[in-house]
Amino acid sequence: MGMTITEKILAAHCGKKEVVPGELIMADIDLALANDVTAPLAIKEFEKSGAQTVFDKDKIALVPDHFTPNKDINSAEQAKILRDFAKKHNITHYFEIGEMGVEHALLPEKGIVLPGDLVIGADSHTCTYGALGAFATGVGSTDIAACYLTGKAWFKVPESMKFIVNGKKKPFVYGKDIILYIIGKIGVDGALYRAMEFCGDTIRSLSMDSRFSICNMAIEAGGKNGIIEPDETTLNYVKQRAKRDFKIYKSDSDAKYVDIIEIDMSSVEPQVAFPHLPENTKPVSEATHITIDQVVIGSCTNGRIEDMRIAAKVLKGKKVAPYVRLIVIPATQEVYKQCLNEGLAEVFIEAGAALSTPTCGPCLGGHMGILAKGERALATTNRNFVGRMGHPESEVYLCNPAVAAASAVLGRIGSPQEIGVKEEVL
Amino acid sequence: MILTGKAWKYGDDINTDLIIPARYLNTSDPVELAKHCMEDEDPDFTKKISKGDFIVAGKNFGCGSSREHAPISIKYAGVSAVIAKSFARIFYRNAFNMGLLILECNEADEIKTGDEIYVDTEKGEIKNITQNKIYKILPVPDFMEQLLSKGGLMEYMKDLKKA
Ligand code: SF4
């Protein structure tokens, strides 16, 4: 019987020829990721077990990105736990401030995750790496501790859903809009426990950065993983970065899917998700009455170089509206450097934006842009839950970087066309 | 196992930011986390509940982030089990891994805040004493039973490593 790309990767990592949905497996892990919020718990559990050595110092990634540069004393203590552990076990992929970036932008950029890998991360957006044709999924801290001990994790093989995305996109429509549109259609538990496989001409035409945005938000539909078969675009991205071998998997033509959903993007506008769930999506033209206090451009969803270029193109020569705060956060040091080299940083600063060092910051209401009671933000992040960016009575709307940039200028939600930016950016 | 307590009822899609807001994640101290359990959904939650009470919810409980701080804060707040129509997958996994009892029940919607609940895990039954009704708990997969009986994932994996 045919297998999906997800099933093939899982089978290869538990030494089986074939796995079927529902089957429980114990699989070998290529990379176990944790951050400054989740690693301290994992490290505590690992140390409680009495173990002296980790399973493989090259297969552990520790990224202090959430409350860093340390927000307060507690955060400093948490980050120190990672640093001490990394030193003690000589962990290869530990990233100190200055090198650190938002984990899900950083690891692919550094070539640490590659096609065919099986990755677990104590962070729900670990599913981002599916854009490379890897199986990657979020787990808890105890799973990470158990993996430090044994190099293994347990999985229930998920059923797969196939999303065939076709049609020429309208201007200012990106990967972010495709995934928001899909979540709007199927709901926040529409893919619960399942693999979401994205294919079709529109997906093929997307840059890697847009593909990362799509797989990043698979979890917002309840998905176990998001995945895109590698192609030329993937290989071009990976070849410059890989320092080890990797394997390309593709779904068989007779692979089984529990659901096949066709999406036609040709008439889909840029999407805005209204509070307080990512499924509350509307076209941007139906959101133009919403005034805003803050705009955030960044995060593991949309903090990559393509996003910075899109935002800068929209903002060039414009000014942020009075009393609106625009915060731009390149996701990694590399993206930050590119912003400087390409003159994007200057565009942001001229427009009146605060340009920050890489951090998760306001995305999870950590620091660097917290909302007061009753305030409203528009963000390129991935969650608009109650209190996500600050006070429980504040609101978050989600969108792509072009809409975010245009809205910062307008002082309300709106499209780039409304401020005279007409051309497709990339 | 027999458990008794009062039900505290919430809706669908209760996410981990509601269970334990990220502003408290700069610590992993269970006692500290327990103080803020359910704070953004129900600010008085920790004041209202008594030890052994149940959280009851609709579909997709625990969606959102992977933070194990969520089941930890619930457990240390004194909640004996979460009863819901369905659980988000990372939350489900975390609960079994770290030892918070969670029960899937199709009729969870019928339970109301204040109902007296009696759970018999062996029988796979939830008795709603107030409403005089009995609901079925969906069976726990074998592997999960093994995790529970070993006392969580770490103990299970230690044995696996020895083998
Ligand atoms: S940017 Fe936001 S969603 Fe991404 S890892 Fe950081 S906190 Fe999580």
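In this text the structure is predicted, and so the values were computed from the model without any measurement. Position numbers for residues count from 1 along each chain, tracking the sequence in the order it is written. All chains are assigned letters beginning with A, and all ligands numbers beginning with 1, in the order in which they are written. Where local features are concerned, this predicted model is filtered to residues with pLDDT of at least 70; where side-chain atom pairs are given and counted, the filter is 80 or more; whole-chain, interface and lining totals use all residues. Excluding hydrogens and water, the side-chain values take into account all heavy atoms of the structure.

Asks: Residues and numbers for the overall build of chain A, please.
Replies: Scanning chain A for helices and strands turns up 14 helices and 18 strands. Rg of the C-alpha trace for chain A: 21 Å, near the compact-globule value of 22 Å for 426 residues, within the 12% margin. Projected onto its principal axes, the C-alpha positions of chain A cover 55 × 55 × 40 Å. Put simply, 76% of the contacts in chain A that link residues at least 6 apart link residues at least 24 apart. Charged residues are defined narrowly, with Lys and Arg counted positive, Asp and Glu counted negative, and His plus the chain ends left uncounted. A charge is said to be at NZ when it belongs to Lys, at CZ for Arg, at CG for Asp and at CD for Glu. Of note, chain A has its 47 positive side-chain charges centred 1 Å away from the centre of its 53 negative side-chain charges. Strands are runs of DSSP state E lasting at least two residues, helices are runs of H or I lasting at least four, and both sets are numbered from the N terminus onward. Values of the radius of gyration come from C-alpha atoms, whereas the globule rule sets the reference at 2.2 Å times the count of residues to the power 0.38. Note on definitions: a residue-residue contact is assigned when non-hydrogen atoms from the two residues lie within 4.5 Å.

Asks: Lay out the pattern of salt bridges in plain terms, naming residues and giving numbers.
Replies: Residue and element names in this part refer to chain B. Only one rule defines a salt bridge in this text: a Lys or Arg side-chain nitrogen within 4 Å of an Asp or Glu carboxyl oxygen. One pass over the structure, following the stated rule, counts 35 salt bridges over all chains. One salt bridge connects Arg23 with Asp40, and the closest N-O pair in it is separated by 2.7 Å. Note that Arg23 is positioned in the loop between helix H1 (16-19) and helix H2 (30-35) and Asp40 in the loop between H2 and helix H3 (45-48), a separation of 17 residues in sequence. Only protein chains enter the calculation, and the probe is 1.4 Å; a residue is then buried if its accessible area is under 20% of its type maximum, exposed if over 50%, and partly exposed in between. According to the relative accessible area criterion, Arg23 is partly exposed, its value standing at 26%. Given a relative accessible area of 10%, Asp40 falls into the buried group. Between Glu125 and Lys136 there is a salt bridge, with the nearest N and O atoms lying 3.9 Å from each other.

Asks: Go over the side chain of Asp209 of chain A with me, naming the residues and quoting the values.
Replies: Residues and elements named next belong to chain A. Relative to the assigned elements, Asp209 resides in helix H8 (residues 208-216). Within the buried set, Asp209 has no salt-bridge partner at all; the shortest N-O distance to an opposite charge, 4.7 Å, is to Arg304. Each residue touching Asp209, except ones within four places of it in the same chain, is listed here: Arg304, Ile305 and Glu306.

Asks: Quick one: what's the story with the sheet that holds strand S3 (residues 81-84) of chain B, residue by residue and with numbers?
Replies: Residues and elements named next belong to chain B. The strand order across the open sheet formed by 7 strands is S4-S3-S2-S1-S5-S6-S7, and the pairing between neighbours is mixed. Strands at the two margins of the open sheet, each flanked by one partner only, are strand S4 (102-104) and strand S7 (133-136). Within this sheet the neighbouring strands show an average axis-to-axis angle of 30 degrees, counted without direction. Here, strands pair whenever DSSP counts at least two bridges between them. Note on geometry: axes are C-alpha line fits, over the in-contact stretch for helices, and angles between N-to-C directions span 0 to 180 degrees.

Asks: Describe the site of the ligand, with residues and values.
Replies: Residues and elements named next belong to chain A. Residues are classed as near a molecule or strand on a simple rule: at least one heavy atom within 4 Å of it. The immediate surroundings of the ligand are formed by 13 residues, with His125, Cys300, Cys360, Cys363 and Asn382 found nearest. Where the shell around the ligand is concerned, the elements lending two or more residues are helix H4 (103-109) and helix H10 (299-302). Classifying every residue of the shell around the ligand by side-chain character gives 5 nonpolar, 5 polar and 3 charged. Ten residues, namely Ala, Val, Leu, Ile, Met, Phe, Trp, Tyr, Cys and Pro, are considered nonpolar, four, namely Asp, Glu, Lys and Arg, are considered charged, and the remaining ones, Gly among them, are considered polar.

Asks: Explain the environment of Ile186 of chain A residue by residue, including any values.
Replies: In this structure, Ile186 of chain A sits in helix H6 (residues 175-186). Taking the C-alpha atoms as reference points, Ile186 of chain A and Gly387 of chain A, 201 residues apart in sequence, are found 24 Å from one another.

Asks: Quick rundown of the sheet that holds strand S6 (residues 135-138) of chain A? Include the residues and the values.
Replies: All names here are of chain A. With parallel pairing, 5 strands are arranged side by side in an open sheet as S4-S3-S2-S5-S6. At either end of the open sheet lies a strand with only one pairing partner, and these are strand S4 (93-94) and S6. Examined bridge by bridge, strand S2 (residues 31-35) and strand S3 (residues 60-63) share 4 bridges and lie parallel to one another. Within the sheet, the bridge partner assigned to Ala32 lies in S3 and is Ile60.

Asks: An account of unusual backbone geometry is requested, with residue identities and associated values reported.
Replies: Residue and element names in this part refer to chain A. The omega angle of the peptide bond from Thr68 to Pro69 is -15 degrees, so this bond is cis rather than trans. Residue placement: Pro69 occurs in the loop between S3 and helix H3 (73-89). The backbone of Phe172 sits at a positive phi, close to 60 degrees, despite the residue not being glycine. Its location among the elements puts Phe172 in the loop between strand S8 (160-166) and H6. Residue classification places Phe172 among the buried positions, given a relative accessible area of 0%. With a phi angle near 70 degrees, Tyr193 is a residue other than glycine that sits in the positive phi range. Relative to the helices and strands, Tyr193 resides in the loop between H6 and strand S9 (195-199).

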